[in-house]
Amino acid sequence: MPRTNAFHVLFPTTDHPQLWRPLRDRMTGPGGFYNVGNALGLAGGVALAVAASGPTLSEGARAAWDHLAGSASALSITVAMLIFFWGGEAYHRAWANGFPPDARLNRWGDLLSAVGALALGLGLFLIGEALLAATAGLLHAAGKLGSALKGPDPAAPAARWPDPFRAAVVASRLPAIALVLLAIGGALAAPGSPAPAELAAPALLLVCYLLWMRADLLLLRS
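Residue numbers run consecutively from 1 along every chain, following the written order of its sequence. Selection of residues for local features in this predicted model requires a pLDDT of at least 70, selection of side-chain atom pairs for listing and counting requires 80 or more, and totals for whole chains, interfaces and linings are taken over all residues. Only heavy atoms go into the side-chain values, all of them from the structure, while hydrogens and water stay out.

Draft legend 1. Seen up close, the nonpolar core. What makes a nonpolar core is a set of buried Ala, Val, Leu, Ile, Met, Phe, Trp, Tyr and Cys residues whose side-chain atoms join them at distances within 4.5 Å. Exposure is judged per residue with a 1.4 Å probe applied to protein chains only, and the accessible area is read against the type maximum: over 50% gives exposed, under 20% gives buried, and values in between give partly exposed. By size, the foremost hydrophobic cluster in this structure holds 33 residues, and its most contacted members are Tyr34, Phe84, Leu120, Leu124 and Trp212. Contributing elements (two or more residues each) for this core: helix 3 (30-51), helix 5 (72-94), helix 6 (103-126), helix 7 (130-150), helix 8 (164-189) and helix 9 (196-221). Sorting elements by how many residues they give to this core places helix 9 first, with ten residues. Excluding residues that lie within four positions of it along the chain, Leu120 makes contacts with Ile77, Ala80, Phe84 and Ala136. Numbering goes from the N terminus for both helices and strands, where a helix is a DSSP run of H or I of at least four residues and a strand is a run of E of at least two. Whether two residues are in contact is decided by their heavy atoms: any pair within 4.5 Å suffices.

Structure representation (structure tokens):
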């Protein structure tokens, strides 16, 4: 099975392949897609918070702090993102040599992702996002934990149906993507031109969710 490279998706051509090869090689397999989405979500969220703050450095720093750890919900989501980074690194190492991945590291990535999903679900619940807490949190965690506990079965024949735990993780993305698309559609349908901030946050989330879903699908297909 050929390796799938997130770098080629984001940067399909380059004039200096030797310069980009180390980064490209680190972005092989699902771990690359997960961590590109994680980096965009974390850095982009901070950037948008700072951009919406006052013009002084102290106001920007305060906005960044509030976004990352200014409340229990913000801290839970930030902790979740850091755990997801750790899980993405485990997936990267598992898939560093292509398919089949290292089974132990792949299961470690599943377990870390399950813990991160629970932390994310808690943060979403605390800000009143019950639907996302149930799907992006509990359903996602259940799928990842099930994959970690089940593990691969090299002797099993090719399955006719998708793995239910991997499929649950893919399904957990759908409500969030639907809500993001509704937010973008609502901003575009409103009278007058939408403010850039009204589109920037949901557009950023959409890109992140599509990257994460791409990684989910790689795991599902494997």
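Here the narrative resumes, following the displayed structure.
Draft legend 2. The packing of aromatic side chains, seen in detail. Ring pairs shown here join Phe, Tyr and Trp side chains whose ring centres sit within 6.5 Å, with only the six-membered ring taken for Trp; geometry is labelled stacked below 30 degrees between planes, edge-to-face above 60, and tilted in between. Throughout the structure, instances matching the rule amount to four aromatic pairs. Between Trp86 and Trp108, the aromatic rings sit 6.0 Å apart at their centres with planes inclined by 85°, giving edge-to-face as the arrangement. Residue Trp86 is found in helix 5, and its partner Trp108 is found in helix 6; the two are separated by 22 residues along the sequence. Between the aromatic rings of Trp95 and Phe99, the centroid separation amounts to 6.1 Å while the plane-to-plane angle is 45°, which identifies the pairing as tilted. A relative accessible area of 36% places Phe99 in the partly exposed class.

Draft legend 3. Seen up close, the pattern of salt bridges. Salt bridges are defined as contacts in which a side-chain nitrogen from Lys or Arg sits within 4 Å of a carboxyl oxygen from Asp or Glu. Evaluation of the coordinates by the stated rule reveals five salt bridges. Between Asp163 and Lys150 there is a salt bridge; the shortest N-O distance is 3.1 Å. Of this pair, Asp163 sits in the loop between helix 7 and helix 8 while Lys150 sits in helix 7, and the two are 13 residues apart along the sequence. With a shortest N-O distance of 2.6 Å, Asp216 and Arg173 are connected by a salt bridge. Residue Asp216 is located in helix 9, and its partner Arg173 is located in helix 8; the two are separated by 43 residues in the primary sequence. When its relative accessible area of 6% is taken as the criterion, Arg173 is described as buried.

Draft legend 4. Local environment of the side chain of Asp163. Under this definition, polar contacts are N or O atom pairs within 3.5 Å; protein pairs additionally need one hydrogen-donor-capable and one acceptor-capable atom, and for neighbouring residues in sequence, both atoms have to be side-chain atoms. A distance of 2.9 Å separates the side chain of Asp163 from the backbone nitrogen of Arg166, its partner in a polar contact. Ignoring anything within four residues of it in the chain, the contact list for Asp163 reads Ser147, Lys150 and Leu220.

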